[in-house]
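Breakdown of the fold
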Amino acid sequence: MADDYVRRTAITRLSVDGEQHDVLEDTITEWKRGCQLATDMAWGKCNAKSDVQPLAYDDIREQTDLGSQHAILATHQAAQAITGCIERRAKGKKVSKPTFTAPTVKYDTRTMTLFDDDTVSLSTTENRVRCPLSLPETDDGYQRQYLDSDEWSVTESTLTARDGEFFLHIGFRRDKNDTERNTAEDGTVLGVDLGIENLAVTSTASFFSGRELTHRLREFETVRAGLQQTGTRSAHRTLVQSRGRELRYVRDVLHRASNALIDEGLRYDCDVIAFENLTHIRDRTGASWGHKWAFRTLYEYVEYKAEAVGISVKQVGSAYTSQRCAECGFTAYENRSSRTDFRCAKCGSEANADYNAAKNIGMRYVCRGQQSSRRTGDSQLALKSGTVTPKGGFTAYPDGFEAEFTDKPHPQHAEGV
Ligand SMILES: [Zn+2]
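This text gives an overview of the structure that appears in the document. (Residues numbered from 1 in each chain as written. Predicted model: local features only at pLDDT ≥ 70, side-chain atom pairs only at ≥ 80, totals over all residues. Heavy atoms only, no water.)

This brings us to the pattern of salt bridges. Tallied over the entire structure, the rule returns nine salt bridges. Close ionic contact of Glu-165 with Arg-13 constitutes a salt bridge, the shortest N to O distance being 3.3 Å. Residue Glu-165 is located in strand 8 (residues 165–175), and its partner Arg-13 is located in strand 1 (residues 5–14); the two are separated by 152 residues in the primary sequence. Its relative accessible area of 32% is what places Glu-165 among the partly exposed residues. For the salt bridge of Glu-30 with Arg-33, the shortest nitrogen-to-oxygen distance reads 3.0 Å. In this pair, Glu-30 and Arg-33 are both assigned in helix 1 (residues 18–42), three residues apart and thus about one turn of the helix distant. Several salt bridges converge on common partners, so that one network encompasses Glu-212, Asp-252 and Arg-256. (Salt bridge = Lys/Arg side-chain N within 4 Å of Asp/Glu carboxyl O. Helix = DSSP H or I, 4+ residues; strand = E, 2+ residues; numbered from the N terminus. Buried < 20%, exposed > 50% of the residue type's maximum accessible area, 1.4 Å probe, protein only.)

A few words on helix 10 (residues 353–366). Taking 1.5 Å per residue, 14 residues should reach 20 Å; helix 10 reaches 20 Å between its end C-alpha atoms and fits that length. Taking burial as the measure, the 14 residues of helix 10 include 13 buried ones, the bulk of the element. Near the N-terminus of helix 10, the side chain that reaches the backbone nitrogen of Asp-354, with its oxygen 2.8 Å away, is that of Asn-352. (Expected span 1.5 Å × (residues − 1). Polar contact = N/O pair within 3.5 Å; in protein donor to acceptor, adjacent residues only side chain to side chain.)

Moving on: the packing of aromatic side chains. Under the criterion given, the structure shown has five aromatic pairs. With centroids separated by 5.6 Å and ring planes inclined at 25°, the aromatic side chains of Tyr-146 and Phe-172 adopt a geometry described as stacked. Here Phe-172 lies in strand 8 and Tyr-146 lies in helix 4 (residues 144–147), a separation of 26 residues in the sequence. Relative to Tyr-355, the ring of Phe-207 has its centre 6.4 Å away and its plane inclined at 55°; by these criteria the two rings are tilted. (Phe/Tyr/Trp six-rings, centres within 6.5 Å; stacked < 30°, edge-to-face > 60°.)

Protein coordination at the zinc ion: the donors are Cys-325 (SG), Cys-328 (SG), Cys-344 (SG) and Cys-347 (SG), at 2.2 to 2.4 Å from the metal. Around the zinc ion sit four donor atoms; with metal-centred angles ranging over 107 to 112°, the donor geometry is tetrahedral. Sequence spacing of the donor residues for the zinc ion, all on one chain, is C-x2-C-x15-C-x2-C. A relative accessible area of 0% places Cys-325 in the buried class. (Donors = N, O, S within 2.8 Å, 3.2 Å for Na, K, Ca; no water. Tetrahedral: all angles 85-135°; square planar, octahedral: opposite > 155°, others 65-115°.)

Moving on: a negative patch on the surface. Taken together, the side chains of Asp-17, Glu-19, Asp-22, Glu-25, Asp-65 and Glu-126 present a region of like negative charge at the surface. For Asp-22, the location among the structural elements is in helix 1. (Patch = residues over 30% accessible without salt bridge, like charges linked within 9 Å, V, L, I, M, F, W, Y side chains within 5 Å. Areas by Shrake-Rupley, 256 points an atom, 1.4 Å probe, with all protein chains shown as cover. Lys, Arg positive; Asp, Glu negative; His and termini not counted. Charge placed at Lys NZ, Arg CZ, Asp CG, Glu CD.)

Function cannot be inferred from these measures alone, as they are strictly geometric.
What follows is the structure in structure tokens.
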């Protein structure tokens, strides 16, 4: 976000009883209805908050159970969604009216209060709910550095329901100092490594298999080679048709992979998704022209989908990302014991080679400009179990958050996204 604040999100599970659970569920349902109602009314008419609010407020109050402040926030959410559509359309992209399906509800400082005893009070469709934050037992849980700080203040937050549990993504912000004002982006970075065996691997340890893409590309190239040899007119026509069909399959795989990467970025509240520089990817991976095209296309899909959800996409230099140890920084050719395995010759840490590279790519973006005196940056790298900064070291995600991810099968394919 390009403003004068450094923003961070602290994610915590909430301890709720049965009654609170039901009323929070109900609030989410009504929130989605409210946002949809405002969007339906304003779509094609207006998109400024100051226009959508007077247009839709009364209807939201009459037709949903949302309180007055949540009704206002719902009109703002609708305004923001429509504005996003208008901006994308201005860039020549296809847009359709937003629909609100995610099980979330927004909070601001008027609808949510944090207390010193680590409880939170939330506005709902009925009375306020006050419940404990389910924070880690240890004092060094990463949420503490924001909760206990005078420097960080609470800003917009989001309540999310998942698998019967509630997670509060508490937004914090603090003023940027002078150095930071000159820095481009702040926030959390997701590193992504592209390859053939694994199409994409993230610094949060999500694996998207490259098998289906390789299979599709091979069929594509075989069909083309076979038909070109026969050289007849009908063969040419068949070629054009089958190319179209194979191309659609390939694009479909790439769309699913790009959606999965965006989901991963959103799940970890990332501000930036960092890829390696695509110019040299063929040398490093030994990719065919087809794969090279696929990497570029995947990058472009991620780029435009990320824009819609407020994540920026960057490329970083790819030198030695596959030979450097993400744990200790030792860089050597011998670290690569095989194409798939990484074993550091210095510290002995072992990892999947692509996963190690994804962490290096993300960290390279986090550390960008650290050599120059003016640009210090204030970013952190998203890992599976927490975040890491160049100076501050590792901070773990809350227990419930981590447990939720380990339930997910890894490595995962991009299917069904
Ligand atoms: Zn090492």
